[in-house]
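Chain and residue survey
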Amino acid sequence: MNAQEILAEVEKFGATLLVLDGKLKATPPGVLPSDLKTAPPQRQTDVQKLGEKATEAPADVLAWVDQRTAASGFLTGMLYRKVPKGTNWFYTLGSATLFAFISQAVTGVFLAMFYTPSATQAYSSIAHINNEVPLGQLVHGMHKWGSSLMVILVFLHMGRTFFFGAYKYPRELNWVIGVVLLILTMTMAFTGYLLPFDQRSFWASVVGININGTGPVVGPYLSDFLRAGPELGATTLSRFYAIHMLLVPGAIIALIGAHIYLVVKLGTTAPPWMKADKPKVAVQVSQLDAGVEGNGATPGDQA
Ligand code: HEM
């Protein structure tokens, strides 16, 4: 680049080149060289520099993490993936179930801070949450009603995937993971029901455990495992609490991860009433390779 070209480039941005104090400088766009004498540009103060750094900090932190995890590739793939034509509101049921689960996890953590899983104190600790803890009744109510909502949503989501044929190849594994998620969601609702340890939850759990006992082959073992003793009591409550707090949520989190990974990897199914687009130009059979245009031939290439 010669001097003329450099000048032309600088002027393209509305700046002017000048020699000031024996040094070559460029004025910022829209500033005349004469302005520099009357109102020279202010140097940034330390506070301004700090402010600028602070505004760039979140982007810097994200870039730092991304350089070490390459997570942006996965996130871009997940957030900008193409969805089939005809995608509609029924496709939001999976995300709604996920949201219900997250809400259950968050409210459950706050409830666990005040709940006592003991046969003598469980009931009074729930009464304490409802009557004395600030916002306790709200959080308890969200958790209690949220559990029914999650069960309803998971069934609706399963219905959507079934009626749209999303269980077929290549999504069979995701369907199987979904079935396990359904069982785990029901297990959460069942084990959570006993925790207030009042008359209703006690007798409902007796009925539920007995129903499990009627299952073929594994039924009696399952009901023995759940009861954790000859009668429903303190040991049953501890067992239900461990299943409800640790075992099942951990498994649900892992399986939701696998479930959503497969959704991103395989994409979602188009609604059954959508037809595949017909090719706009007829393609000779000889130019097709297993149903796909092969050998770089495009419809336009035909003689
Ligand atoms: C905790 C429970 C569950 C969560 C959080 C969940 C979440 C999701 C999400 C976010 C999607 C993608 C969006 C959509 O299609 O709705 C999805 C897709 C799918 N889910 Fe679930 N799901 C759960 C349970 C189930 C159950 C019980 C089944 C079936 C037994 C199931 C089978 C499927 C299938 C086959 C797909 C792929 C849909 C397609 O390709 O169109 N999921 N799930």
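The text that follows walks through the structure, step by step, so that each part is easy to find. (Residues numbered from 1 in each chain as written. Predicted model: local features only at pLDDT ≥ 70, side-chain atom pairs only at ≥ 80, totals over all residues. Heavy atoms only, no water.)

1. Considering the overall build of the chain
- From N to C terminus, the chain includes 11 helices and four strands.
- When the 303 residues of the chain are sorted by exposure, 27% land in the buried category.
- Within the chain, contacts between residues separated by at least 24 positions form 61% of all contacts whose residues are at least 6 apart in sequence.
- In the form shown here, the chain has an accessible surface area of approximately 21000 Å², with 68% of it arising from carbon and sulfur atoms. (Helix = DSSP H or I, 4+ residues; strand = E, 2+ residues; numbered from the N terminus. Buried < 20%, exposed > 50% of the residue type's maximum accessible area, 1.4 Å probe, protein only. Contact = heavy atoms within 4.5 Å. Areas by Shrake-Rupley, 256 points an atom, 1.4 Å probe, with all protein chains shown as cover.)

2. A closer look at the packing of aromatic side chains
- All told, the structure shown has 11 aromatic pairs when counted by the stated rule.
- With a centroid separation of 5.5 Å and an interplanar angle of 40 degrees, the aromatic rings of tyrosine 115 and tyrosine 241 are classed as tilted. Here the residue tyrosine 115 occupies a position in the loop between helix H5 (93-112) and helix H6 (122-131), and tyrosine 241 occupies one in helix H11 (residues 234-266), the gap between them amounting to 126 residues.
- Residue classification places tyrosine 115 among the buried positions, given a relative accessible area of 10%.
- By relative accessible area, tyrosine 241 is classed as buried at 18%.
- Plain terms: the ring middles of tyrosine 167 and tryptophan 175 are 5.7 Å apart, the flat faces sit at 65 degrees to each other, and that makes the pair edge-to-face.
- When its relative accessible area of 28% is taken as the criterion, tyrosine 167 is described as partly exposed.
- Look at tryptophan 175 and you get partly exposed, because its relative accessible area is 26%.
- Taken together, the aromatic side chains of Phe90, Tyr91, Phe164 and Trp273 make up a single cluster linked through ring pairs. (Phe/Tyr/Trp six-rings, centres within 6.5 Å; stacked < 30°, edge-to-face > 60°.)

3. A word on the nonpolar core
- One finds Tyr115, Leu194, Phe197, Leu232, Leu237, Val248 and Ile252 to be the most contacted residues of the largest nonpolar core, which totals 30 residues.
- When residues of this core are assigned to their parent elements, the largest contribution, eight residues, is made by H11.
- Dropping the residues within four chain positions of it, tyrosine 115 is found in contact with Ala122, Ser125, Ile126, Ile129, Leu195, Leu237 and Tyr241. (Core = buried A, V, L, I, M, F, W, Y, C linked by side-chain atoms within 4.5 Å.)

4. So, the packing of H5 against helix H7 (residues 136-163)
- Their axes nearest at 8 Å, the elements H5 and H7 cross at an angle of 155 degrees. Classified by the angle their axes make, H5 and H7 are roughly antiparallel. Here H5 and H7 pass one another in a crossing that is left-handed. Taking contact as the criterion, the partners of Leu93, Gly94, Ala96, Thr97, Ala100, Phe101, Ser103, Gln104, Thr107, Gly108, Phe110 and Leu111 in H5 are, on H7, Val139, His140, Met142, His143, Gly146, Ser147, Met150, Leu153, Val154, Leu156, His157 and Arg160.
- Within the contact of H5 with H7, the residues separate by chemical class into 12 nonpolar, 11 polar and one charged. (Axes fitted to C-alpha atoms, helices over the stretch in contact; angles between N-to-C directions. Parallel < 35°, antiparallel > 145°, perpendicular 65-115°, else oblique. Left-handed = near helix turned anticlockwise from the far one by under 90°. Nonpolar A, V, L, I, M, F, W, Y, C, P; charged D, E, K, R; others polar.)

5. Concerning the site of the ligand
- Around the ligand lies a shell of 24 residues, among which His157, Arg160, Gly178, His259 and Thr269 are the nearest.
- In this structure, a nitrogen atom belonging to the ligand sits 2.8 Å away from a side-chain N or O atom of histidine 157.
- Within the contact set of the ligand, an oxygen atom lies 2.9 Å away from a side-chain nitrogen or oxygen of threonine 269.
- Looking at the shell around the ligand, the elements with two or more residues in it are H5, H7, helix H8 (172-194) and H11.
- In terms of residues, the shell around the ligand owes the most to one element, H7, which gives six residues.
- Residues belonging to the shell around the ligand are distributed by class as follows: 12 nonpolar, 10 polar and two charged. (Near = heavy atom within 4 Å. Polar contact = N/O pair within 3.5 Å; in protein donor to acceptor, adjacent residues only side chain to side chain.)

6. Concerning the pattern of salt bridges
- Counted according to the given criterion, the structure contains one salt bridge.
- We note a salt bridge from aspartate 224 to arginine 227, for which the minimum N-O separation is 3.3 Å. Residue aspartate 224 and its partner arginine 227 are both found in helix H10 (residues 219-227); the two are separated by three residues, about one turn of the helix.
- For aspartate 224, a relative accessible area of 47% gives the class partly exposed.
- Judged by its relative accessible area of 16%, arginine 227 falls in the buried class. (Salt bridge = Lys/Arg side-chain N within 4 Å of Asp/Glu carboxyl O.)

7. A short note on a positive patch on the surface
- The grouping of Lys23, Lys25, Arg43, Lys49 and Lys53 at the surface amounts to a positive patch.
- Structurally, lysine 23 can be placed in strand S2 (residues 23-26).
- For lysine 23, a relative accessible area of 55% translates into the label exposed. (Patch = residues over 30% accessible without salt bridge, like charges linked within 9 Å, V, L, I, M, F, W, Y side chains within 5 Å. Lys, Arg positive; Asp, Glu negative; His and termini not counted. Charge placed at Lys NZ, Arg CZ, Asp CG, Glu CD.)

8. A few points about the coordination of the iron atom of the ligand
- In the first shell of the iron atom of the ligand, the protein supplies His157 (NE2) and His259 (NE2), at 2.0 to 2.1 Å from the metal.
- Each of the six donor atoms bound to the iron atom of the ligand contributes to angles spanning 85 to 179 degrees, and the resulting shape is octahedral. Of this pair, histidine 157 sits in helix H7 while histidine 259 sits in helix H11; the two residues are 102 residues apart in sequence, bridging distant segments of the chain. (Donors = N, O, S within 2.8 Å, 3.2 Å for Na, K, Ca; no water. Tetrahedral: all angles 85-135°; square planar, octahedral: opposite > 155°, others 65-115°.)

9. What about the side chain of serine 223?
- Tracing the chain through its elements places serine 223 in helix H10.
- Of the polar contacts made by the side chain of serine 223, one reaches the backbone oxygen of proline 220; its length is 3.1 Å.
- Among residues more than four places away in sequence, those in contact with serine 223 are Ile209 and Gly213.

10. Details of H8
- The end-to-end C-alpha separation of H8 is 34 Å, in line with the 33 Å expected for 23 residues at 1.5 Å each.
- Buried within H8 are the following residues: Asn174, Ile177, Leu181, Leu182, Leu184, Thr185, Met188, Thr191, Gly192 and Leu194. (Expected span 1.5 Å × (residues − 1).)

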